[in-house]
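Chain by chain, the residues run as shown.
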Amino acid sequence: MWREMAESALGTELSGDHGWVERGSEGRLESILRGEEDSRQANFLELFFDLVLVFALIAVTHRVVVDLSSQSATLRWLALLHGLVLALPMLWLWTTTAEITSRFDPRHRWIQLMILVSAFGLHFMSTSVPDMFGGRGAGFAVPYVLLQVGRPLLLVPQLRGNKAVQASYARRSVWSAVSAVFWIGGVLVRGEYRVAVWLVGIAVDLLGARLGWPVPGMRKSAGRAWVVAGSSNLPDRYQQLLFLAVGETVLAAGLVYAVQPVTLAATAGLVVAFLSTVLLWRIYFYRAGKVFADAISMSTDSAAVARVGGAAHVLLVLGVVGMAAGSEIVQKHPGGHTQPAWLAVILGGPALYLIGRLRLEHVVYNRISPRRLVGIGLLLLLALPLAFSSPLVAATAATAVLFGIAVADARQAAGRPLEAPTPPHKSN
């Protein structure tokens, strides 16, 4: 009955830029899976889901800044853990949604409905962020569980003609059901107990994906877990995710500046925040980010390259969220003493970003960049002297490190042709 209601409500579906087209029920499997000739370009609903994620990341950033601004030193440090528990489930929900739209045809009415429901679920989760460790924990955990368990179960009967993919989604639903015990169990407790239980829940989700969702007695298929040869739009989706996260940093700094008294220090903080986001884009785009899709197609283990590259993008985004929180702290407290937890996000955000970028370069070019290692080392070494400076000085120093890396990248690339990817045969 629910299916008939959904089909009646949608009736037709969007087909690229060519308007709405009818799709019949024949060729069930062929109509729901992406074809080899399908475009990688994200459609409207995928971009809409990305915009919902931007709102979610803004909510996470604001929550982290509130905790960082607390008078309690303990709560300031716990802000880092809170940010992780908030951001990882949302990013994992985005990742699994992007994987669905990469494997399945987003023009199909069932996939469209799934994206819309996923967008609403993520939106509802983000509205619970301000009090998610208090009375609104269910508003965060329940939508997450329903989506992560329900979507694979709904896809399984649609895949009777493809036993390997069907088995994969059946196993995912089992692992999601196990993690659901911790997510729902966390709702029954509060405060840091909830944080601890939910950390176990997201760990189960990520570990299951890393292992390929093994379930005793159920078929484990070989092949592509994260990419469909020739038609995957996952690389483009990861790029869009990163650019949206970087845009969220600009938005966060601008919104705070707009309501703060206009001072020289506040304006300098805005300039530093904007320059750092430009440098993030430059460091990502040179060159591994630009040829990530080519690396996947060239690798003999494309699924592993896609998986490791996806994990690298999650690290990149977490670094950006940390930098966004640091930018807000700088806007609100440009002068005065820098709290240790503030320094952790001001310097730790760029360091985490460089670690993610290091991982991406390894999976694309099968090497480790010395410049990024030097940058991470400098950020760590600067922590001690910058602890006696102001937040604005610390942010300026972090931006200077990023600027040095970008300049070194540009000098190495000057006059040279674009380097072709050389992904490893097996990625870890």
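Residues numbered from 1 in each chain as written. Predicted model: local features only at pLDDT ≥ 70, side-chain atom pairs only at ≥ 80, totals over all residues. Heavy atoms only, no water.

## A word on the environment of M90
We count it as follows: The way it works is that DSSP assigns letters per residue, a run of H or I at least four long becomes a helix, a run of E at least two long becomes a strand, and they are numbered from the N terminus. Think of it in three bands: with a 1.4 Å probe and only protein chains considered, a residue is buried below 20% of the maximum accessible area for its type, exposed above 50%, and partly exposed in between.
Turning to its location among the elements, M90 is positioned in helix α4 (residues 73–103). Looking at M90, the relative accessible area reads 0%, which means it is buried. Spatially, the C-alpha atoms of M90 and L53 are 7.6 Å apart, while their sequence positions differ by 37 residues.

## Details of the packing of aromatic side chains
As a reminder, the rule being used: Pairing of aromatic rings covers Phe, Tyr and Trp, the last through its six-membered ring, and needs centres within 6.5 Å; plane angles under 30 degrees mean stacked, over 60 mean edge-to-face, and all others mean tilted. For a ring to carry a charge above it, either NZ of a lysine or CZ of an arginine must fall within 6 Å of the ring centroid while also lying within 35 degrees of the normal to the ring plane.
Applying the stated criterion across every chain yields a total of 11 aromatic pairs. With a centroid separation of 6.5 Å and an interplanar angle of 40°, the aromatic rings of F140 and W183 are classed as tilted. Highlighted residues: F140 in helix α6 (residues 137–155) and W183 in helix α7 (residues 163–187), separated in sequence by 43 residues. As far as the burial class goes, F140 and W183 line up, both buried. One aromatic cluster in this structure is built from F133, F140, Y144, W183 and W198. Just above the ring of Y169 sits the side chain of R172; from NZ or CZ to the centre is 4.3 Å. The aromatic ring of Y365 is capped on one face by R367, whose charged end is 4.4 Å from the ring centroid.

## Some details on the nonpolar core
How we decide: Think of a nonpolar core as a cluster: buried Ala, Val, Leu, Ile, Met, Phe, Trp, Tyr and Cys residues, connected wherever their side-chain atoms sit within 4.5 Å. Here, residues are in contact when the closest pair of their heavy atoms is within 4.5 Å.
In this structure, L53, L68, M90, F104, F140, L155 and V364 are the most contacted members of the largest nonpolar core, which totals 112 residues. Among the elements that line this core, the one with the most residues is helix α12 (residues 302–332), at 14 residues. Not counting residues up to four positions away in its chain, the partners in contact with F140 are V85, L86, P89, M90, M125, S128, V129, M132, W183 and W198.

## What to know about the packing of α4 against α6
Here is the rule: Simply put, an axis is a line fit to the C-alpha atoms, just over the touching stretch for a helix, and the angle between two N-to-C directions goes from 0 to 180 degrees. Roughly parallel refers to an angle under 35 degrees, roughly antiparallel to one over 145, roughly perpendicular to one between 65 and 115, and oblique to any angle outside these ranges. What makes a crossing left-handed is the near helix being turned counterclockwise from the far one by less than a right angle; a clockwise turn instead makes it right-handed. Under the scheme applied here, ten amino acids are nonpolar (Ala, Val, Leu, Ile, Met, Phe, Trp, Tyr, Cys and Pro), four are charged (Asp, Glu, Lys and Arg), and all others, including Gly, are polar.
Following both chains from N to C, one finds α4 and α6 inclined at 20°, their axes separated by 11 Å at the closest point. Here α6 runs roughly parallel to α4, going by the angle between their axes. The handedness of the crossing between α4 and α6 is left-handed. Taking contact as the criterion, the partners of V85, L86, P89, M90, W92, L93, T96, T97 and I100 in α4 are, on α6, F140, Y144, L147, Q148, R151 and L155. Broken down by class, the residue content of the contact of α4 with α6 amounts to 11 nonpolar, three polar and one charged.

## What to know about unusual backbone geometry
A positive phi angle, near 55°, is found at W213, a position not held by glycine. Along the chain, the position of W213 falls in the loop between α8 (192–211) and α9 (234–259).

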